[in-house]
Amino acid sequence: MIICDRVKVIAVVGAGKIGSAIIKAIKECYSDVNLIATGRRDVTLENAKLLGAEATRNNKEAISRADLIILSVKPHHFPIIVKEVGKDVWDGKIVISVMAGIKLKTLSSVLPGAKIFRAMTNINTSVRKASTAISTLDGDESDKEVVEELFKCLGTIYWVPEEYIDIWTALVGSGPAFISEIVDALVLGAVASGMPRDIAYKAILDVLEGTAVLLKNRDVHPAEVRDEVTTPGGTTIRGLAVMESRGIKSALIETLEAAYKRSREIGNDIELNIRKELNIN
Ligand SMILES: NC(=O)c1ccc[n+]([C@@H]2O[C@H](COP(=O)([O-])OP(=O)(O)OC[C@H]3O[C@@H](n4cnc5c(N)ncnc54)[C@H](OP(=O)(O)O)[C@@H]3O)[C@@H](O)[C@H]2O)c1
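Analysis parameters
Residues numbered from 1 in each chain as written. Predicted model: local features only at pLDDT ≥ 70, side-chain atom pairs only at ≥ 80, totals over all residues. Heavy atoms only, no water. Near = heavy atom within 4 Å. Polar contact = N/O pair within 3.5 Å; in protein donor to acceptor, adjacent residues only side chain to side chain. Areas by Shrake-Rupley, 256 points an atom, 1.4 Å probe, with all protein chains shown as cover. 1 Å grid on protein atoms, 1.4 Å probe; cavity = no way out; pocket = protein on both sides within 12 Å on 5 of 7 lines; lining within 4 Å. Sits in = over half its atoms within 2 Å of the grid points. Nonpolar A, V, L, I, M, F, W, Y, C, P; charged D, E, K, R; others polar. Domains from an automatic or database assignment. Helix = DSSP H or I, 4+ residues; strand = E, 2+ residues; numbered from the N terminus. Buried < 20%, exposed > 50% of the residue type's maximum accessible area, 1.4 Å probe, protein only.

1. Focus on the site of the ligand
- Neighbouring the ligand are 23 residues; Lys17, Ile18, Arg40, Arg41 and Thr44 lie closest to it.
- One of the side-chain nitrogen or oxygen atoms of Asn59 is found 3.0 Å away from a nitrogen atom of the ligand.
- The separation between an oxygen atom of the ligand and a polar side-chain atom of Lys74 is 3.5 Å.
- Starting from 890 Å² of accessible surface for the ligand in isolation, the protein chains cover 84%.
- Taking a 2 Å distance to the grid points as the criterion, the majority of the atoms of the ligand fall inside the second largest pocket.
- Grouping the constituent residues of the shell around the ligand by class yields ten nonpolar, nine polar and four charged.

2. Quick notes on the domain arrangement of the protein chain
- Looking at the assigned domains, one finds that the protein chain contains domain 1 (2–160) and domain 2 (174–246).
- Its C-alpha centre places domain 1 at a distance of 37 Å from the equivalent point of domain 2.

3. Quick word on the environment of Ile3
- Tracing the backbone through its elements, the reader meets Ile3 in helix 1 (residues 2–6).
- Classification of Ile3 by relative accessible area gives buried; the value is 0%.
- Through-space distance from the C-alpha of Ile3 to that of Glu145 is 8.8 Å; in sequence the pair is 142 residues apart.

Okay, here's the thing in C-alpha cells:
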C-alpha cells in the first residue's frame with residue numbers, strides 16, 4: 001500500500017464531524033498509520049483518542065510531525081491556524097483541505113512548499129460510501145496516488161477541475177438531504193395508503209439501493225429504466241402523470257440550481273474574508 005510506504009503520520013487539524021469521520025475511516029483502512037488529531041475542547045480531544053488517534057491542542061507540533069495533513073477546521077478558523085503555526089512547517093508535505101470555499105490558489109499562497117489538494121466529500125464518509133471530488137493545481141502523479149488511495153478509503157473519488165467544486169457541494173454535499181426528503185415523502189405516501197411506516201421505510205431504502213445498482217450496472221439513461229417499468233395503462237404511469245403535473249422534475253432542477261448558487265455565494269464570501277484576514281491580494 002502506497003499510504004503505508006510513503007505516509008507514516010497523518011495530522012487531522014480540526015477533528016470535528018468530518019475530521020472524526022476521516023480518522024475513523026483511515027484507522028479502519030490503514031491501521032499502521034499514526035494519526036494525530038487536533039482540536040480545542042476536551043470533548044474533541046477525548047473523542048479523537050477514542051477513535052485511536054493521538055490528540056493535542058498543538059497544531060504546530062502535529063503538522064511538523066506529519067507527512068500528510070488534512071485541514072478540517074471551519075474556514076473562518078483557518079487564518080488562526082496559519083498565523084499560529086507559521087510558514088516553516090509546510091514544506092514538502094501533502095496538504096488536503098476539506099474546508100468549504102477556500103481556493104487552491106489561496107491555500108498555495110499561505111502554505112509555502114506544501115503539495116496542495118482540495119477535497120469535497122459528504123456525510124456518507126461515516127459509512128465509507130462517500131463521493132469525494134478532489135482537485136489540485138499542479139499535484140504530481142505520485143502525490144495524487146497517495147491522495148487517491150487515502151480518499152478511496154472513504155468511498156468513491158473523482159478528480160475534477162476546481163471550478164466544479166461548488167456544484168459538487170450542491171449535488172453531492174447537499175445530495176443526502178435532498179434524497180432523504182424524497183425518501184420521506186414516498187414513505188408518507190405509503191403510510192397514507194395504509195402501510196406501516198417501518199415496512200415502507202425499509203422497502204423504499206431497498207428500492208433506492210437496488211435502483212442505484214441497476215442504473216450503474218446497466219449504464220443506461222434513467223429514462224430507459226423508467227420506460228421498462230411503465231406498463232401501458234398501468235400503475236407507474238398514473239404516478240408519473242402526477243409527478244409531471246406537479247412539476248417534480250423542474251422543482252428538482254431548480255433545487256440544484258438554488259443550492260449551487262448559494263454554494264458559490266458562500267464560497268466567494270469565505271474566499272474574500274480569508275484573503276482579507278491573511279492579507280492576500
Ligand atoms: N461535515 C461534513 O460532511 C463536511 C463535508 C465536507 C466538507 N466539510 C467542511 O469541513 C470543515 C469542517 O466541518 P465540520 O462539519 O466537521 O465542522 P466541526 O464539526 O465544527 O469541526 C471543526 C473542528 O475544528 C476544530 N477547531 C477549530 N479551531 C481549531 C483550532 N484553532 N485548532 C484546532 N482545532 C480547531 C474544532 O474543535 P473544537 O470543537 O474542539 O473547538 C472542531 O472540532 C468545514 O469547512 C466544512 O465546510 C464538512
